Amino acid sequence: MTKKFGIVIVSHVPEVASGVPKLLEQVAADVSITFAGGTDENEIGTSAGKIMDAFERNEAQELLAFYDLGSSKMNLELAVEMSDKKVNIYDVALIEGAYTAATLLEADVALKDIEQQLAPLKIK
């Protein structure tokens, strides 16, 4: 069965991108969580291609995307334009926002209610 909502983590640092899902999986075992970190050469930066791959690997039909810095958002927006999935990008603190969303998705909370909980975490 395809999950309705999933989470995508995007970071300039490959280890951050892969580490955040490890934390989220502790509270959201049933939520599909994928990540993209670093450039295509695994240097500091982001890659629209890696982000697209994270979208495709995610089992969900609709994605909640969280990122670390402004240029990550630019690559996220580019990847969204090329994706068939609906992707919601959140301008919130990366770890706190993703953790909040993951716990609420695990509890089957409606997206509008999750977004209300994310609103106070907006920092970008």
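Since the model is a prediction, treat every value here as computed from it, not as a measurement. (Residues numbered from 1 in each chain as written. Predicted model: local features only at pLDDT ≥ 70, side-chain atom pairs only at ≥ 80, totals over all residues. Heavy atoms only, no water.)

Student: With reference to specific residues and values, describe the overall build of the protein chain.
Tutor: Across its full length, the protein chain holds five helices and four strands. Secondary structure elements in the protein chain, listed N-terminal to C-terminal, are β-α-β-α-β-α-β-α-α. Relative to the compact-globule value of 14 Å for 124 residues, the protein chain shows a C-alpha radius of gyration of 13 Å, a close match. Residue burial in the protein chain is summarised as follows: out of 124 residues, 50% are buried. As displayed, the protein chain offers around 6400 Å² of accessible surface, 52% of which is attributable to carbon and sulfur atoms. Measuring between centres, the 11 positive side-chain charges of the protein chain sit 4 Å from its 20 negative side-chain charges. (Helix = DSSP H or I, 4+ residues; strand = E, 2+ residues; numbered from the N terminus. Rg over C-alpha atoms; globule rule 2.2 N^0.38 Å. Buried < 20%, exposed > 50% of the residue type's maximum accessible area, 1.4 Å probe, protein only. Areas by Shrake-Rupley, 256 points an atom, 1.4 Å probe, with all protein chains shown as cover. Lys, Arg positive; Asp, Glu negative; His and termini not counted. Charge placed at Lys NZ, Arg CZ, Asp CG, Glu CD.)

Student: I'd like a description of the sheet that holds strand E3 (residues 62–67), backed by residues and values.
Tutor: Across the sheet, which stays open at both edges, the four strands sit in the order E2-E1-E3-E4 with parallel pairing between neighbours. Either end of the sheet is taken by a strand with one partner, and the two such strands are strand E2 (32–37) and strand E4 (86–90). With strand direction ignored, the average angle separating the axes of adjacent strands in the sheet is 25°. One ladder, built from six bridges, connects strand E1 (residues 5–11) with E3; its direction is parallel. Bridging from a neighbouring strand, Val8 pairs with Ala65 of E3. Helix H1 (residues 14–24) contacts E1 and E2 of the sheet and is inclined by roughly 165° relative to E2. (Pairing = 2+ DSSP bridges. Axes fitted to C-alpha atoms, helices over the stretch in contact; angles between N-to-C directions. Contact = heavy atoms within 4.5 Å.)

Student: Quick rundown of the pattern of salt bridges? Include the residues and the values.
Tutor: Evaluation of the coordinates by the stated rule reveals three salt bridges. Note that Lys73 is salt-bridged to Asp91, the shortest N-O span being 3.1 Å. Of this pair, Lys73 sits in helix H3 (residues 70–82) while Asp91 sits in the loop between E4 and helix H4 (94–106); the two residues are 18 residues apart in sequence, bridging distant segments of the chain. By relative accessible area, Asp91 is classed as buried at 16%. (Salt bridge = Lys/Arg side-chain N within 4 Å of Asp/Glu carboxyl O.)

Student: How would you sum up the packing of aromatic side chains? Please name residues and give values.
Tutor: A full pass over the atoms with the stated rule returns one aromatic pair. Taking the centre distance of 5.5 Å and the plane angle of 25° together, the rings of Phe66 and Tyr90 count as stacked. With Phe66 in strand E3 and Tyr90 in strand E4, the pair connects residues that are 24 residues apart, well separated along the chain. The class of Phe66 is buried, set by a relative accessible area of 1%. (Phe/Tyr/Trp six-rings, centres within 6.5 Å; stacked < 30°, edge-to-face > 60°.)

Keep in mind these numbers describe shape, not what the thing actually does.
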